[in-house]
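A structural walkthrough
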Amino acid sequence: MVYNFKVYKKCSPNGKITLYMPKRDFVDHISYVEPIDGIVVVDDEYVRGRKVFAQVVCTFRYGREEDEVMGVNFYKELYLASDQIYPAPEKRSYDLTRTQERLMKKLGETALPFRLSVPAGSPGSVTLQPGLEDEGEPCGVHYYIKLFVGDTEIDRSHRRSTVALGIRKVQYAPNKPGPQPCTVVRKDFMLSPGQLELELTLDKQLYIHGETIAINISVRNHSNKVVKKIKACILQSVDVVLFQNGQYRNVVCSVETQDGCPLQPGASMQKVVQLRPELSTLRDRRGLALDAQLKRQDNSLASTTLLLEPEQRDAFGIIVSYSAKVKLYLGALNGELSAELPFILMHPKEGRAKLVQADSQVDVEMFRQDTVHHQESIDVY
């Protein structure tokens, strides 16, 4: 049996350095991040007497390019890993993957392997959706692999001898979901006896993108007030941790209903409201957090950010969370009663890839140099 495996390929503008990578998504397992590995093919005549470095660069754009005036720059770069590829070290500190072995056999002696490790706790790949009239690079956190020729790893790279390929740091749904979310809130009235009680329950804690979220609502009216209508919504909370006041919320989907209303004093009500968060209806919503997009891939709402320790937040990233909120309206004079339940919205784990067999075939995807104009005039995506 012959197995096909896909490889991503990108060359420097002068054609002297070529990058091969078996994948562009690297999984964050919370306590550690998958190592980033690949193969680099160099032109011996061109790099002789010089060095070739590989780096993992995390970029954070937190403001629009058109607002950058008077020398103000809303863009930061963080170099998370760096290693010298050429001249190759005498002894490797890691074992080659099966894909690296096959590629080195096919590409010849000028093929050099590399492996870079990203520290745990580094920010996830998130894009903030721009407005319809916005131009330039979207705000958010993005990653790319950078290869360049230089004397040291802090040398300024030259466009003709630089390769940059966009990658993503992603998280997938955990194997063991948490307990079923449930909450009860009550409202007292200053000049009236009794309480109004609202109980919310979700059928589970973990949802996959595209699933319908069922919110179980139970209202018990022990007061002398009247519930006039009910509103339920899914909220996306975005925390740009670079700023002290960088928190805001987006209503992803909502519904209002008067079914079963008005709810009179002494009455009870049970209701199930179903909501499905979908990006297709929110294309014009500026500031909505999305999963960072790679070339020729469909975008989706950003997944929930899972942290090893919620108190230890890196000041360089975007944290996303979701919650279901239900609000009871009692009229202008009596106010309202609301309850909120957090839940997790993520993509499922990918299936385990088949091992690359000895009689395998390579499907190579090429990347042009005139793709996306980057901050340093390097094509990333």
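That block above? That's the structure.
Criteria and thresholds
- Residues numbered from 1 in each chain as written.
- Predicted model: local features only at pLDDT ≥ 70, side-chain atom pairs only at ≥ 80, totals over all residues.
- Heavy atoms only, no water.
- Buried < 20%, exposed > 50% of the residue type's maximum accessible area, 1.4 Å probe, protein only.
- Helix = DSSP H or I, 4+ residues; strand = E, 2+ residues; numbered from the N terminus.
- Pairing = 2+ DSSP bridges.
- Salt bridge = Lys/Arg side-chain N within 4 Å of Asp/Glu carboxyl O.
- Polar contact = N/O pair within 3.5 Å; in protein donor to acceptor, adjacent residues only side chain to side chain.
- Axes fitted to C-alpha atoms, helices over the stretch in contact; angles between N-to-C directions.

Quick word on the pairing of strand E19 (residues 318–329)
Each regular strand carries side chains that alternate between the two faces of the sheet. Most of E19 is tucked away: ten of the twelve residues are buried. One ladder, built from twelve bridges, connects strand E15 (residues 229–240) with E19; its direction is antiparallel. Following the sheet pairing, Ile-234 is matched in E19 by Ala-324. Of the strand pairs in this sheet, E19 and strand E20 (residues 336–346) are connected by eight bridges, and their pairing is antiparallel. Counterpart to Tyr-329 in the pairing with E20 is Glu-336. Between E19 and E20, which pair antiparallel one after the other, the connecting turn spans six residues, and Gly-331 there sits at a positive phi close to 105 degrees.

Some points on the pattern of salt bridges
Across all of its chains, the model carries 15 salt bridges by this definition. As a salt-bridge pair, Glu-34 and Lys-23 come within 2.9 Å of each other at their nearest N and O atoms. Highlighted residues: Glu-34 in the loop between strand E3 (25–27) and strand E4 (36–42) and Lys-23 in the loop between strand E2 (17–21) and E3, separated in sequence by eleven residues. Looking at Lys-23, the relative accessible area reads 32%, which means it is partly exposed. Across the salt bridge formed by Asp-259 and Lys-271, the nearest N and O atoms sit 3.3 Å from each other. Of this pair, Asp-259 sits in the loop between strand E16 (247–257) and strand E17 (268–275) while Lys-271 sits in strand E17; the two residues are twelve residues apart in sequence, bridging distant segments of the chain. Take Lys-271: its relative accessible area is 13%, and that puts it in the buried class.

Things to note about the side chain of Ser-218
Looking at the secondary structure, you find Ser-218 in strand E14 (residues 213–221). Look at Ser-218 and you get buried, because its relative accessible area is 5%. Of note is the side chain of Ser-218, whose polar atom sits 2.9 Å from the side chain of Gln-270.

Here's the deal with the sheet that holds E14
The four strands lie next to each other as E11-E12-E14-E17, forming an open sheet whose pairing is antiparallel. On the outer flanks of this sheet lie strand E11 (182–189) and E17, each paired with one strand and no other. When the angles between neighbouring strand axes are averaged without regard to direction, this sheet yields 15 degrees. Judged from the eight bridges that link them, E14 and E17 form a sheet pairing that is antiparallel. Among the inter-strand pairings, Ile-213 is bridged to a residue of E17, identified as Leu-275.

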